[in-house]
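Descriptive structure summary
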Amino acid sequence: MSGIVAAWSPGCDVMEIEEIMTQNTHASVAPEAGARVLSGMQPSADSLHLGNYVGALLNWVSVQETYDAFFFIPDLHGITAPHDPADLRARTRNTAAQFIAGGIDVERSTLFVQSHVPEHAQLAWVLTCITGMGEASRMTQFKDKSLRQGADSASVGLLSYPMLMAADILLYRPHGVPVGEDQKQHVELARNLAQRFNQRFGGTFRVPDPFIPDVGARIYDLQDPGTKMSKSASSPNGLLNVMDTDKQIAKKIKSAVTDDGAEIRFDREAKPGVSNLLSIYSAVTGRAVADVVAQYQGKLYGHLKVDLAEVVVAALGPVRDRAQQLLADPAELDALLARGAQKAREVASPVLAEAYANVGFLPAAP
């Protein structure tokens, strides 16, 4: 978690780690059909935004059609910074509901919450103990956040979260991890630690390869079209959220930043505002950008915005409504997550037991 899709680094929508030991020359060829893949997205907001939906969730829906897919909500990663416990619980449920509403099939895929599978934290400690201090401190997220916040404000959890992330991956022995082009570094650390463990203690972990799935359009902030849409946006008006009402969606699109001149054409450099609107239109309708541009030749920005609001509402409205139905019955939603956690533990527990035995821990008597 983004997953390992992309990603799930602290404060990020879907995952981001600095390559440490090897140059990433591994092929980004997708695994064979039926192979196991893993993705996650951190519960850092009440709602997914359109960038999450188009860039990650829709891809996961496609992935589950072909692979043995494991999707999870990395809530343990969500406590590396100060947080409100009630918010974390609510956002975890909200994220799960939106995953299901957005098309994740809990019968076909394994969907679970990270903290419901204790093997993640248990394996993370083992991996932490074979990670060098210098190696950990060179991680991009730790360097950036400790510089911004000060060394005394950055938690040890921020330093060690990449090892937990590696545990997230290695527990399931995935054949591949779908990531964005700029996020392969996360998988690289997991590869390094898997190889190191296998060399020291015997073959235990599959060394996963990153692969780059078909990706949706990159969606930018409505108020700052030079910046990718993100939960950390400076203004809420820049985000189109899955859980927004129809009126909120229409209002945000109406107030979206456009560009000088009246011509509607796609040019990220010269016309970033209207290009972003065209990308959104294309992403939610499946139409080519060139076709959308042709439709609006001779028309004004206002025409594009009105129509765009309609197609975004048509795409997100049913997802929002289904998520609200799921959230109205938290006991049933929790039961679905419990079943997913049980399925995940059936895979993770034997892997942890093998790692514990190989590292030399005395097994508990039955």
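Above this text sits the structure in question.
Right, let's walk through the structure included here. All of these numbers come straight from a predicted model, not from anything done at the bench.

This model, assessed by the stated rule, comprises nine aromatic pairs. Look at Trp60 and Phe71: their rings are 5.1 Å apart centre to centre, the planes differ by 15°, and that puts the pair in the stacked class. Of this pair, Trp60 sits in helix α1 (residues 50-66) while Phe71 sits in strand β2 (residues 68-73); the two residues are eleven residues apart in sequence, bridging distant segments of the chain. With respect to burial, Trp60 and Phe71 carry one shared label: buried. Consider the rings of Tyr356 and Phe361, whose centres lie 4.7 Å apart with planes at 85°: the pair is edge-to-face. A residue is classified by how much of its surface remains accessible, and Tyr356, at 25% relative accessible area, is partly exposed. Relative accessible area serves as the criterion here: at 40%, Phe361 is assigned to the partly exposed category. A connected cluster of aromatic rings, assembled from ring pairs, spans Phe70, Phe72, Phe112 and Tyr172. In this structure, Arg268 packs its charged tip against the face of Tyr220, placed 3.8 Å from the ring centre.

Attention now goes to the pattern of salt bridges. One side chain can pair with another of opposite charge once the charged atoms of both are near each other. Scanning the model with the defined rule gives eleven salt bridges in all. Of the charged contacts in the structure, one is a salt bridge between Asp334 and Arg93, with a shortest N-O distance of 2.7 Å. Separated by 241 residues along the polypeptide, Asp334 in helix α12 (residues 330-359) and Arg93 in helix α2 (residues 85-101) bring together distant segments of the chain. On the basis of relative accessible area, Arg93 is assigned to the partly exposed category, the value being 31%. Here Arg265 ties to Glu263 by a salt bridge, and the two come within 3.1 Å at their closest N and O atoms. Residue Arg265 is classed as partly exposed on the basis of its relative accessible area, which comes to 30%. Residue class for Glu263 comes out partly exposed when judged on its relative accessible area of 46%. Connected through shared salt-bridge partners, Asp246, Arg320 and Asp321 make up one network.

The subject of this paragraph is unusual backbone geometry. Of note, the phi angle at Arg173 is positive, near 45°, even though the residue is not glycine. Within the secondary structure layout, Arg173 lies in the loop between α6 (156-170) and β4 (176-178). Exposure remark for Arg173: the relative accessible area of 26% places this residue in the partly exposed category.

The biggest cluster of nonpolar side chains holds 57 residues, and the ones touching the most others in it are Leu50, Phe99 and Val312. Ranked by residues supplied to this core, first place goes to helix α11 (residues 301-327) with eleven residues. Core analysis: the second largest hydrophobic core is formed by 35 residues, Val126, Met163, Leu170 and Leu171 among them.

Further remarks concern α11. End to end, α11 covers 37 Å across 27 residues, agreeing with the expected 39 Å (1.5 Å per residue, within 8%). When the local axis directions of α11 are compared, the greatest deviation, roughly 35°, occurs at Leu316, which is followed within four positions by the proline Pro318.

Attention now moves to the side chain of Ser279. Looking at where Ser279 falls in the secondary structure, it is placed in helix α9 (residues 272-285). Setting aside residues no more than four positions away along its own chain, Ser279 makes contact with Ala217, Arg218, Ile219 and Phe266.

Definitions and limits used
- Residues numbered from 1 in each chain as written.
- Predicted model: local features only at pLDDT ≥ 70, side-chain atom pairs only at ≥ 80, totals over all residues.
- Heavy atoms only, no water.
- Phe/Tyr/Trp six-rings, centres within 6.5 Å; stacked < 30°, edge-to-face > 60°.
- Helix = DSSP H or I, 4+ residues; strand = E, 2+ residues; numbered from the N terminus.
- Buried < 20%, exposed > 50% of the residue type's maximum accessible area, 1.4 Å probe, protein only.
- Lys NZ or Arg CZ within 6 Å of the ring centre and 35° of its normal.
- Salt bridge = Lys/Arg side-chain N within 4 Å of Asp/Glu carboxyl O.
- Core = buried A, V, L, I, M, F, W, Y, C linked by side-chain atoms within 4.5 Å.
- Expected span 1.5 Å × (residues − 1).
- Bend = angle between axes of the 7 residues up to and from the residue.
- Contact = heavy atoms within 4.5 Å.

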